[in-house]
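Summary of the model geometry
These are the residues of each chain, in order.
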Amino acid sequence: MSKNAILESVVEASKKNEIPRISPGDTVKVHVRVREGGKERLQLFEGIVLANKHGGIQQSITVRKISHGVGVERTFPLHSPMIAKIELIRKGKVRRAKLYYLREKVGKEARVEEAR
Amino acid sequence: MLPGILGRKIGMTHLFDEEGRLIPVTVIQAGPVYVTQVKTVESDGYDAVQVGFEECKSRRLTHPSAGHLKKAGVGPLKVLRELRGKINAAPGEKFTVEIFSVGDKVKVVGTSKGKGFAGAVKRHHFRGQHMTHGYMTHRRPLSSGATGPARVFKGSRRPGHMGDVKTTQPGARVVQIDAERNLILLSGSVPGAAGGLVQILKTGSK
C-alpha cells in the first residue's frame, strides 16, 4: 500500500457518509450543533448555497440567507461533527459554479430558478 | 512495556476532533518491533533495550547481525535501535502501537530534512540587509567580529550545512491508533521527510 493510499484511507475513515449531493443554487437547511452552558441544541440555518469548495474532508459550502433585511453568509465544513444534518430543500438551476453575484442583487433579482 | 516504538513517517493530513476543530496530524506506520537484546548495568554499564524493526530478506543481513538476531530468536530485521532505561522486556518479545493509548503525550525523534549549504539568514535567522534602496548586499552575514582578536571565534554563527541532523520534537499527542494496520496518528508535525525513520517515545504524564 503506497503512502498516499494510506493517507487517503485515514481521511476516508473519518469522513461522514450520509452527505447529500449539494451544488450551488440549491436551497439547504443546515442543522448546527450549538453548545451553550454545557447544554447542546440544534440551530437551523436555511439559505441558498453560493459556493461548494474543496474536496475530501475539507469540503465546505457557503450558505446565504436574508435575515431581518440583512444578508447573512455562513460557511459550513460539511464533515465537521458540529454539523448534525444537511437537508436539501430545493434544487436550483444556475449557470455559474460560484453565485457571488447574488450579493449584489436584492428582491426578485436575488432569486434562483428551480431545477426540474 | 517499552517506553517507545520505531516507525516510518507516512505523511500529514488533517482530521476533525469531536469539538469540530480541524487538527493537523502526522500518520506514522509504527511497529511491530521485536526486542533483540536487553542491556543491563552489570553487563553493559547502562540499562537499555535494543529493538529491531522492519522485516527484510535474510540475505540482506550481514552474518554477524544475522547471528545477533538469531540469538534473540527473531526473524531478519532491517533496523536496530536502543531505547534507554530500565525496561521490563525479554528478547524476542513483540510490541505494537498498542503500547500507546489515545491522548498520550509523546516526543518524536527523527532526522530533519537536509537543507544543504545554507546561508546565515536561513540557518541562523540573521536579518540580512535591505532588498532595495541601492543596497548591494542582501543576505550576507557581514561582520564576523572585532579586529581586536584578529580571528573569528569558534562557534560563531556562519553559513554552512543545515538540516539532516537528529532532531527531537516534544509535545505531540496520540490522536488515533490503528492496531490492525500498525498506524499511529500524532497531532502536529514530525521531523524529517515522509518515509523517514522516527522514534516515538512516551513523555511524562498525560
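In the block above lies the structure referred to throughout.
What this report covers is the structure whose coordinates are included nearby. Sequence order sets the numbering: in each chain, residues are counted from 1 along the sequence as written. Chain letters and ligand numbers both follow the written order, the letters beginning at A and the numbers at 1. Whole-chain, interface and lining totals are the exception, using all residues; otherwise, since this is a predicted model, local features are given only for residues with pLDDT of at least 70 and side-chain atom pairs are given and counted only at 80 or more. Hydrogens are left out, water is left out, and the side-chain values use all remaining heavy atoms of the structure.

1. Topic: the sheet that holds strand 1 (residues 27-36) of chain A
Residue and element names in this part refer to chain A. Ordered by their spatial adjacency, five strands build an open sheet running 4-3-2-1-5, and the pairing between neighbours is antiparallel. If you trace the sheet from one side to the other, it starts and ends with strand 4 (70-77) and strand 5 (83-90), each paired once. Put simply, the sheet's adjacent strands are angled 40° from each other on average, direction ignored. At least two bridges found by DSSP between two strands are what make those strands a pair. Counting from the N terminus, the helices are the DSSP runs of H or I reaching at least four residues and the strands are the DSSP runs of E reaching at least two. Both strand 2 (residues 39-53) and strand 3 (residues 60-67) contribute to a ladder of five bridges, which runs antiparallel. Bridge pairing in strand 3 places V49 opposite V63. A fitted line through C-alpha atoms represents every axis, and for helices the fit uses only the stretch in contact; the resulting angles, taken between N-to-C directions, go from 0 to 180 degrees.

2. A closer look at a positive patch on the surface
All names here are of chain B. Residues qualify for a patch when their relative accessible area is over 30% and they have no salt bridge, like charges being joined within 9 Å and the nonpolar side chains of Val, Leu, Ile, Met, Phe, Trp and Tyr within 5 Å. Calculation of accessible area relied on Shrake-Rupley with a 1.4 Å probe; when residues are assessed, cover is drawn exclusively from the protein chains displayed. What makes a salt bridge here is a side-chain nitrogen of Lys or Arg within 4 Å of a carboxyl oxygen of Asp or Glu, nothing more. Asp and Glu count as negative and Lys and Arg as positive, but His and the ends of the chain are not part of the count. Where a charge sits is defined by one atom per residue type, namely NZ (Lys), CZ (Arg), CG (Asp) or CD (Glu). A contiguous patch of positive charge on the surface is contributed by K57, R59, R60 and K78. Turning to its location among the elements, R59 is positioned in the loop between strand 4 (48-55) and helix 2 (63-72). Each residue gets one of three labels from its accessible area relative to the maximum for its type: buried under 20%, exposed over 50%, partly exposed in between, using a 1.4 Å probe on protein chains only. Here R59 falls in the exposed class, since its relative accessible area comes to 62%.

3. Considerations on the packing of aromatic side chains
Residue and element names in this part refer to chain A. Stacked, tilted and edge-to-face are the three classes assigned to paired rings of Phe, Tyr and Trp, where Trp is represented by its six-membered ring and a pair needs centres within 6.5 Å; plane angles under 30 degrees give stacked, over 60 edge-to-face, the rest tilted. Scanning all chains against the criterion turns up one aromatic pair over all chains. Two conditions define a charge located above a ring, namely a distance within 6 Å from the ring centre to NZ of Lys or CZ of Arg, and an angle within 35 degrees of the ring normal. When the ring centre of F45 is taken as reference, the NZ or CZ atom of K65 above it lies at 4.7 Å. The side chain of R74 reaches across the aromatic face of F45, ending 5.9 Å from its centre.

4. Focus on the interface of chain B and chain A
Contacts were defined at the residue level, with two residues in contact if any of their heavy atoms lie within 4.5 Å. Counting residues at the interface gives 19 residues for chain B, matched by 16 residues for chain A. Summed over both partners, the interface of chain B with chain A buries about 1,400 Å², with 74% contributed by carbon and sulfur atoms. Here's the idea: put two parts together, see how much 1.4 Å probe accessible area each one loses, and the total over both is what we call buried area. Sorting the residues of chain B by area buried against chain A places I10(B), F16(B) and R181(B) first, and these three jointly supply 39% of that buried surface. Linking chain B with chain A are zero salt bridges. Those elements that place two or more of their residues in the side of chain B that touches chain A are strand 1 (4-16), strand 2 (22-30) and strand 11 (183-187) of chain B. Ranked by residue count, the leading element in the side of chain B that touches chain A is strand 1 of chain B, at eight residues.

5. Thoughts on the pattern of salt bridges
Any two side chains of opposite charge can pair, so long as their charged atoms come close to each other. Residue and element names in this part refer to chain A. Under the definition given, this model contains 15 salt bridges over all chains. E36 is the salt-bridge partner of R41, the closest N and O atoms lying 3.0 Å from each other. Looking at R41, the relative accessible area reads 38%, which means it is partly exposed. Overall, E36 belongs to the partly exposed group, its relative accessible area being 45%.

6. Brief notes about the nonpolar core
Residues belong to one nonpolar core when they are buried, are Ala, Val, Leu, Ile, Met, Phe, Trp, Tyr or Cys, and are joined through side-chain atoms within 4.5 Å. L2(B), I184(B), L186(B) and I200(B) are the most contacted members of the largest nonpolar core, which has 30 residues in total. Looking at this core element by element, the count peaks at four residues for strand 12 (residues 197-202) of chain B. When near neighbours in sequence (up to four residues on either side) are disregarded, L2(B) contacts V33(B), V49(B), V51(B), L83(B), I87(B), F95(B), I99(B) and K202(B). Ranked by size, the runner-up nonpolar core spans 14 residues in total, among them V11(A), L15(B), V25(B) and L183(B).

7. Things to note about the environment of R158(B)
All names here are of chain B. In this fold, R158 is placed in the loop between helix 3 (120-124) and strand 9 (160-162). As a C-alpha pair, R158 and R140 span 18 residues in sequence and 9.7 Å in three-dimensional space. Those residues within four positions of R158 in sequence are excluded, and the remaining contacts are R123, H124, S144 and V152. Pairs of N or O atoms are called polar contacts if they sit within 3.5 Å, as long as, within protein, a hydrogen donor faces a hydrogen acceptor (for residues adjacent in sequence, only side-chain-to-side-chain pairs). For R158, the side chain forms a polar contact with the side chain of S144, separated by 3.0 Å.

8. A word on unusual backbone geometry
Residue and element names in this part refer to chain A. A positive phi angle, close to 50°, is found at H68, a residue other than glycine. Checked against the element boundaries, H68 lands in the loop between strand 3 and strand 4. Judged by its relative accessible area of 81%, H68 is exposed.

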